[in-house]
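Topology and contacts: notes
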Amino acid sequence: MCSSDLSVYKVAWHRTPWLLLSMLGGILAGYIMSAFESTLEAILVLAFFIPVIMDMGGNVSTQSSTIFVRGIATGEIRGADIWRYFVREVRVGLFMGVLFGVLIAVAALLWRGSPVLGFVVGTSMVATVSLATVIGTLVPLLFHKLHIDPAITSGPLVTTIKDITGLLIYFGMATLFLEIGRAHV
């Protein structure tokens, strides 16, 4: 039976667990932000870079996931090609992470005149984008190997994992370098 033949209820029922997991991950992401409240209060300018880091990580992970799922569905990626493809995606993610990390670091430096802020934002972008590519490829790969439709499961799970790891990376870097550059940010 084709999925277009399923009732609205059945389609929603198949999607609900993954979206529920995504919602719970969003609550966890909010908790992570609250755990770093003192870091945000100490350097309020950090908040201005949260959307760009989160969005870039989200876009990269979504691209990686979508391209992988499409490759599996079309037969372009199969068998031993899966791991070769994964390694290539990791390299692409690292390249994009460095590119966008340098760009955002320069923007932060020019905007605020703070090398420490530029370093924190830039290295956070490198790590977030690089990890987002890995997450965006590994999650659908895992579901594919488990014979669970990665088209349904990957999006919400990739987004949730990327949001949590992105926030941990960003606030972890900021907290680590807060004392060094408190007067310079």
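Preceding block: the structure.
All values reported here derive from a predicted model rather than from experimental measurement.

**Here we look at the overall build of the chain**
Counting its secondary structure elements, the chain contains six helices and zero strands. Mapped from its N terminus to its C terminus, the chain presents α and β elements in the order α-α-α-α-α-α. C-alpha atoms of the chain, sized along the principal axes, occupy 65 × 35 × 20 Å. Within the chain, the proportion of its 185 residues that are buried is 41%. Taking contacts inside the chain between residues at least 6 apart in sequence as the whole, the part at least 24 apart equals 78%. Surface accessibility of the chain: about 10,300 Å² in total, with carbon and sulfur atoms responsible for 70%. Between the mean site of the 11 positive side-chain charges and the mean site of the 10 negative ones, the chain shows a separation of 8 Å.

**Re the nonpolar core**
Grouped together as the largest cluster of nonpolar side chains are 31 residues, with contacts concentrated most on Leu-46, Phe-49, Val-121 and Tyr-170. Looking at this core, the elements with two or more residues in it are helix 1 (8–35), helix 3 (46–74), helix 4 (81–112), helix 5 (115–145) and helix 6 (150–181). When residues in this core are grouped by element, the largest group, eight residues, is from helix 6. Beyond its immediate chain neighbours, meaning those up to four positions away, Tyr-170 contacts Leu-46, Phe-49, Ile-50, Ile-53, Val-120, Val-121 and Ser-124.

**Notes on the pattern of salt bridges**
Going through the model one piece at a time under the given rule, you end up with three salt bridges. Of the charged contacts, one joins Arg-88 and Glu-89 as a salt bridge, the two residues approaching to 3.6 Å between their closest N and O atoms. The exposure class assigned to Arg-88 is partly exposed, which follows from its relative accessible area of 44%.

The rules behind each value
Residues numbered from 1 in each chain as written. Predicted model: local features only at pLDDT ≥ 70, side-chain atom pairs only at ≥ 80, totals over all residues. Heavy atoms only, no water. Helix = DSSP H or I, 4+ residues; strand = E, 2+ residues; numbered from the N terminus. Buried < 20%, exposed > 50% of the residue type's maximum accessible area, 1.4 Å probe, protein only. Contact = heavy atoms within 4.5 Å. Areas by Shrake-Rupley, 256 points an atom, 1.4 Å probe, with all protein chains shown as cover. Lys, Arg positive; Asp, Glu negative; His and termini not counted. Charge placed at Lys NZ, Arg CZ, Asp CG, Glu CD. Core = buried A, V, L, I, M, F, W, Y, C linked by side-chain atoms within 4.5 Å. Salt bridge = Lys/Arg side-chain N within 4 Å of Asp/Glu carboxyl O.

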